[in-house]
Amino acid sequence: MCAIKDPKSGDYTFMFECPMCGRGYRDGQHVYEGRTIGPWQIRICQTCHVMNWDGIVESHQPRLMEHLAKIGVKVDYNESGFIKWPSGYEPPPPTPRQPRHRRMR
Ligand SMILES: [Zn+2]
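Each chain carries its own residue numbering, running from 1 in the written order of its sequence. Note on the predicted model: pLDDT of at least 70 is required for a residue's local features to be given, and 80 or more for side-chain atom pairs to be given and counted; whole-chain, interface and lining totals, by contrast, use all residues.

> It is not clear to me how the pairing of strand β1 (residues 2–5) should be interpreted in this structure. Could you clarify?
Walk down a regular strand and you will see the side chains alternate between the two sheet faces. Pairing between β1 and strand β2 (residues 12–17): 4 bridges, direction antiparallel. Among the inter-strand pairings, K5 is bridged to a residue of β2, identified as Y12. Strand pairing is defined by DSSP finding a minimum of two bridges between the two strands. Think of it this way: any DSSP run of H or I at least four residues long counts as a helix, any run of E at least two long counts as a strand, and we number them from the N terminus.

> Explain the nonpolar core here, please?
As a rule of thumb, soluble globular proteins bury nonpolar side chains together. C18, M20, Y25, I42, I44, C45, C48 and L64 together form the largest nonpolar core, which totals 8 residues. Ranked by the residues each element gives to this core, the list is headed by strand β6 (residues 42–45), at 3 residues. Contact between two residues is assigned whenever their backbone-derived C-beta positions fall within 7 Å. Setting aside residues no more than four positions away along its own chain, C45 makes contact with C18, C21, R23, Y25, E33 and G34. As used throughout, a nonpolar core is a set of buried Ala, Val, Leu, Ile, Met, Phe, Trp, Tyr and Cys residues joined through C-beta atoms within 7 Å of each other. Partly exposed residues are those whose C-beta has more than 12 but fewer than 20 other C-beta atoms within 10 Å; 20 or more makes a residue buried and 12 or fewer makes it exposed, with C-beta atoms placed from the backbone.

> Would you explain unusual backbone geometry in this entry?
Backbone phi values are negative for most residues with the exception of glycine, while trans is the configuration of most peptide bonds. With phi around 65°, H30 is a residue other than glycine that occupies positive phi space. One can find H30 in the loop between β3 (24–28) and β4 (31–32). A positive phi angle, near 55°, is found at Q41, a position not held by glycine. As for its position among the elements, Q41 is in the loop between β5 (34–37) and β6. By the C-beta count within 10 Å, which is 13 here, Q41 ends up partly exposed.

> What is the right way to read the sheet that holds β1 from this model?
Each strand in a sheet pairs with another by means of backbone hydrogen bonds, the pair being arranged parallel or else antiparallel. Overall, antiparallel pairing links the 4 strands, which are arranged β1-β2-β3-β4 in an open sheet. With one partner strand each, in any of the chains shown, β1 and β4 form the two edges of the open sheet.

> So what exactly am I meant to see when it comes to the pairing of β5 here?
Relative to β6, β5 runs antiparallel, the two being bridged by 4 bridges. Across the sheet, T36 pairs through a bridge with R43, a residue of β6. As consecutive antiparallel partners, β5 and β6 are separated by 4 residues, and within that stretch Q41 has a phi angle of approximately 55°, a positive value.

So, in structure tokens, the structure goes:
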């Protein structure tokens, strides 16, 4: 984690590594790119949350699965065979202006 100062606003943000995609996301003053998934004890980037609105593809997330196994979380699967988000933490479904994300499966 490292602090970054915005040269324009003077606000500080911090870089965190997303446990799902491994990319960095920023959290700090006026910037909230992370999403806390309370029951899973993780904080992930907004992109992973929104892109996986219809569930998580288990085979794409070895690190997440390892983490969930370690903390003893049992996951549920939806009709498509994807991992369901914990109740109350589901990302919003895509709106017409935010087209459905197409993944390689
Ligand atoms: Zn991510």
